[in-house]
Amino acid sequence: MAEAAQYFLEDLAVGMTASYDRVVTEDMIEQFADISGDFNPLHLDEDYAKGTMFKGRIAHGILSAGFISKIFGTMMPGKGSIYISQTLRFLAPVRIGDTVTATVEVVEINAEKKRVSFKSRCRVGRTVVIDGDALIMVPSRHAKQAA
């Protein structure tokens, strides 16, 4: 398992970004259904899904949103960060074979509370499929040195 990056609160600045790309596979969708218990046929049954407004199977929205969590936990801020809240708006479907690019951007830093606000977004090509905001508690370098 790869070591997670770590940004301390003092390392972050408004405008910093991090991104992660992942191809969504049929196997991922099936595994996510097993893990989550969400067996909606829209995700698993092509015949059923063809009869919907999507005209075919789509990935679980939360599967793609999980790529945002990957960034926060392992890339930026990384090790020691704690998810406080996340809003999500699902704007377009993700299909098997799509490459999802998750990106987060620092929009505000509250040093006193050790909280950082991020814009979080997933795209497939130029299409925004998920748009949201997150609040993350980020460890301070000073707190680590004092410990």
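Residues numbered from 1 in each chain as written. Predicted model: local features only at pLDDT ≥ 70, side-chain atom pairs only at ≥ 80, totals over all residues. Heavy atoms only, no water.

Colleague: What should I look at first to understand the pattern of salt bridges in this one?
Modeller: Oppositely charged side chains can pair when the atoms bearing their charge come close. This structure, assessed with the given rule, holds 6 salt bridges. Note that R89 and D131 form a salt bridge whose closest N and O atoms lie 2.3 Å from each other. On the criterion of sequence distance, the pair formed by R89 in strand 2 (residues 82-90) and D131 in strand 5 (residues 127-137) is long-range, its members being 42 residues apart. For D133, the salt bridge identified is with K119, shortest N-O distance 3.8 Å. With a gap of 14 residues between them, D133 in strand 5 and K119 in strand 4 (residues 115-124) connect regions that are remote in the sequence. Through salt bridges with shared partners, a single network forms among R89, K119, R121, D131 and D133. (Salt bridge = Lys/Arg side-chain N within 4 Å of Asp/Glu carboxyl O. Helix = DSSP H or I, 4+ residues; strand = E, 2+ residues; numbered from the N terminus.)

Colleague: Got a minute to help me understand the packing of helix 1 (residues 26-36) against helix 4 (residues 61-74) in this structure?
Modeller: Angle between the axes and distance between the axes are the two parameters that describe a pair of packed helices. It is at 10 Å that the axes of helix 1 and helix 4 come closest, and there the two elements cross at 100°. When the axes of helix 1 and helix 4 are compared, the pair comes out roughly perpendicular. The segment helix 1 lies against helix 4, with M28, I29 and F32 engaging I62, L63 and F67. (Axes fitted to C-alpha atoms, helices over the stretch in contact; angles between N-to-C directions. Parallel < 35°, antiparallel > 145°, perpendicular 65-115°, else oblique. Contact = heavy atoms within 4.5 Å.)

Colleague: Explain the environment of S140 here, please?
Modeller: In this fold, S140 is placed in the loop between strand 5 and helix 5 (141-146). We classify S140 as buried; its relative accessible area is 7%. The spatial distance from the C-alpha of S140 to the C-alpha of G97 is 39 Å, given a sequence separation of 43 residues. For S140, the contacting residues outside a window of four places in its chain are F8, L9, E10 and K114. A polar side-chain atom of S140 sits 2.6 Å from a polar atom in the side chain of E10. (Buried < 20%, exposed > 50% of the residue type's maximum accessible area, 1.4 Å probe, protein only. Polar contact = N/O pair within 3.5 Å; in protein donor to acceptor, adjacent residues only side chain to side chain.)

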